[in-house]
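Close look at the chain arrangement
Letter by letter, the chains look like this.
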Amino acid sequence: MELMHKLGSNVVFRFFLSLGVSVLGGLLFTVIRTPIPWLLGPMVFMLLGSQVAKWPLMWPASIRDYGILIVGYSIGLTLTEEALQGILQQLPMMLLMTLLLIALCVITAYIASKVTDFDFPSLLVGSIPGGLSQMVSLAEEMKSINLTLVTFLQVTRLIMIVFCVPFLLFSPWIGGTVGGGTDQPFIDVATWGTLFPEILLYAPLCVAGAWVARKLRFPTAFMLGPMIVMCVVQLSTALHTPVCQPPS
């Protein structure tokens, strides 16, 4: 423990310690066949390492941003012509579900404001589903909003969704299986080996998209920029590029 404390001031050591903890979590969750193991595993192990073991874990923001860039790239690839047609066909139902979800949040926030000491606007902003950073930024711009309450509610919602929804979807009650897909997949899933040589073209485009989005002050620019770029590429060319995922 004393050695860990001494090495805690070394940024390189803290980075590789965090990397090792994350990889170990991903490997373990893969072995026990949990849903999305390379998301849940590192999250659990990093949480235990930082809060329980009190290890000096650290992850550079620049690496995080490039990870988000890859997420935006993958999301953009899913918008194929087939997927766009499916979205347009189901658009009325999607809009209806969105309105019902907002109405449910309004009702829930109103009831909670009556049985607690918290105000209705703060509870509403805290309960509305949305990106964590976007909702916190929105709360910061509204003077009457309790920022602490909004942050707590949004973080709690995010953690519960990330951990509960995958297990619910892959549960025997719904009939899902880990590694299974939908009946009508919109995209092909491939391994790292099928990524080349397209990555040599798309990587610079995604970086450029992230840079432009950041200059235009887009929220989560490192995700929206590559996502928009890949959506345009997917819809304007006939070139087929499979989604890159590490082999299971």
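Going by the structure above, here's the rest.
In what follows, the accompanying structure is described. (Residues numbered from 1 in each chain as written. Predicted model: local features only at pLDDT ≥ 70, side-chain atom pairs only at ≥ 80, totals over all residues. Heavy atoms only, no water.)

Let's talk about the packing of helix α5 (residues 81-89) against helix α6 (residues 91-115)
To characterise two packed helices, one gives the angle between the axes of the helices and the distance between these axes. Relative orientation of the contacting elements α5 and α6 amounts to 60 degrees, with a least axis distance of 4 Å. One finds that α5 runs oblique with respect to α6. Here I87, L88 and Q89 of α5 come into contact with α6, specifically with L91, P92 and M94. Taken together, the residues that form the contact of α5 with α6 break down as 5 nonpolar, 1 polar and no charged. (Axes fitted to C-alpha atoms, helices over the stretch in contact; angles between N-to-C directions. Helix = DSSP H or I, 4+ residues; strand = E, 2+ residues; numbered from the N terminus. Parallel < 35°, antiparallel > 145°, perpendicular 65-115°, else oblique. Contact = heavy atoms within 4.5 Å. Nonpolar A, V, L, I, M, F, W, Y, C, P; charged D, E, K, R; others polar.)

Structural notes on the packing of aromatic side chains
Counted under the stated rule, the structure contains 5 aromatic pairs. Summarising the aromatic geometry, the rings of Y66 and F222 are spaced 6.4 Å apart at their centres and angled 75 degrees between planes, so their arrangement reads as edge-to-face. Residue Y66 is found in helix α4 (residues 61-77), and its partner F222 is found in helix α11 (residues 221-236); the two are separated by 156 residues along the sequence. For Y66, a relative accessible area of 47% corresponds to the partly exposed category. Chaining the aromatic ring pairs together yields one cluster made of F15, F16 and W59. (Phe/Tyr/Trp six-rings, centres within 6.5 Å; stacked < 30°, edge-to-face > 60°. Buried < 20%, exposed > 50% of the residue type's maximum accessible area, 1.4 Å probe, protein only.)

Points about unusual backbone geometry
Although it is not a glycine, R33 sits at a positive phi angle of roughly 60 degrees. Tracing the sequence through the fold places R33 in the loop between α2 (11-31) and α3 (37-52). Even without being a glycine, K54 presents a positive backbone phi close to 60 degrees. Position of K54 relative to the elements: it lies in the loop between α3 and α4. For K54, a relative accessible area of 57% gives the class exposed.

Side note on helix α7 (residues 120-127)
Along α7, the positions that sit buried rather than exposed are S122, L123, L124, V125 and G126. In this structure, the buried side of α7 is in contact with α6, α8 (132-141) and α9 (147-169).

Comments concerning the nonpolar core
Core analysis: the largest hydrophobic core is formed by 10 residues, namely L69, Y73, L77, Y202, C206, A210, F222, V229, M230 and V233. Those elements that provide at least two residues to this core are α4, α10 (199-215) and α11. Element by element, the count of residues in this core is highest for α11, at 4 residues. Those residues in contact with F222 that sit more than four places away from it in its chain are D65, I68, L69, A210 and R214. Core analysis: the second largest hydrophobic core is formed by 7 residues, V21, F29, L57 and V162 among them. (Core = buried A, V, L, I, M, F, W, Y, C linked by side-chain atoms within 4.5 Å.)

A few points about α9
An ideal rise of 1.5 Å per residue puts 33 Å on 23 residues; α9 measures up with 32 Å between its terminal C-alpha atoms. Maximum bend of α9: about 30 degrees, positioned at I161. Along α9, the residues classified as buried are L149, V150, Q154, R157, V162 and P166. If you follow the buried residues of α9, they end up packed against α3, α7 and α8. (Expected span 1.5 Å × (residues − 1). Bend = angle between axes of the 7 residues up to and from the residue.)

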